[in-house]
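# A structural walkthrough
Read off the chains here:
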Amino acid sequence: MSNVIWVDENDNVLGEISREQAHDKNMLHRVAAIFLLNDRGEILVNERAKDGYLDHSSAGHVEVGESYLIAAKRELEEELGVANVELHELGLTKEDDKSDRRHIYKVFICRALPRALNEKEVKSVFWANPAAVLEDMKKSPEKYTGGFKSTLNLFLKERNAGRF
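Residues numbered from 1 in each chain as written. Predicted model: local features only at pLDDT ≥ 70, side-chain atom pairs only at ≥ 80, totals over all residues. Heavy atoms only, no water.

Here we take up the nonpolar core. Within the largest apolar cluster, 22 residues are counted, with the highest numbers of intra-cluster contacts made by I43, V133, F148, L152 and F155. At the level of elements, β3 (29-37), β4 (43-48), β8 (103-111), α3 (130-139) and α4 (146-160) are the ones that each hand at least two residues to this core. The greatest single-element share of this core, amounting to five residues, is contributed by α4. If we skip the residues at most four places from it in the chain, F155 touches F35, L37, I43, L90, I109, P130 and F164. The next biggest cluster of nonpolar side chains, apart from the first, holds 21 residues, and it includes I34, A72, V85 and A112. (Core = buried A, V, L, I, M, F, W, Y, C linked by side-chain atoms within 4.5 Å. Buried < 20%, exposed > 50% of the residue type's maximum accessible area, 1.4 Å probe, protein only. Helix = DSSP H or I, 4+ residues; strand = E, 2+ residues; numbered from the N terminus. Contact = heavy atoms within 4.5 Å.)

Turning to its location among the elements, H61 is positioned in strand β6 (residues 58-61). Only 3.4 Å separates the side chain of H61 from the side chain of H103, close enough to count as a polar contact. In this structure, H61 is in contact with V4, R19, H23, H29, R30, V31, E66, A71, R74, E75 and H103, ignoring residues within four places of it in sequence. (Polar contact = N/O pair within 3.5 Å; in protein donor to acceptor, adjacent residues only side chain to side chain.)

For V31, the position within the fold is in strand β3. Each C-alpha atom of the pair V31 and H103 lies 6.3 Å from the other, and the pair is 72 residues apart in sequence. Discounting chain neighbours no more than four positions away, the residues touching V31 are A59, G60, H61, V62, Y68, H103, I104, Y105 and K106.

Treat this as a map of the structure, not an account of what it does.
Following this line, the structure appears as C-alpha cells:
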C-alpha cells in the first residue's frame, strides 16, 4: 500500500506515513470524497464491494505527492469510470463517527453518470435524495460508513446555504 499524508486538526501536513500505520495508530490523514449529482438533485450512493457499507459516490486516500483534487479525479476514474469532469470543492470536514480511523475529508461535487464500476471496489450504485439518505442514516446508522455520515452533513449544509 502507498503512503498517505498525516495532518493535524487544521489539515497542516505533519509528515507521511503508511496507510496501515495511520489506521493502526489512529492518526488523522487525508481523504478526497466526491458526490455525483444528477438533474433531479439526487446523489449517487456507492455500496462498497468489500463490506457492503453505503458510502460517498467515490472516495479515497490522498497519497503522498497528490492534492485532494488529483486524488478525487483518480478515485472517480478508478471506481466509477468517470473522467474529464469539472469538480467543485465544497469544503473540509472530519469524521464525526467515533471509530478507530481518523480521516479529514475534502468534499467535491460534480454532475456526471457512472460509466464503469470497478467490481473490486463497488458492488452497486443507486441515486437517492440526500435528505432521505440522512433520515435513513439516523434510523440505521450501521449501514453507512462514518465518513459518509460526516460528508453528507457538509453537503446538505452547503446546499441549504445555496452554494450549489
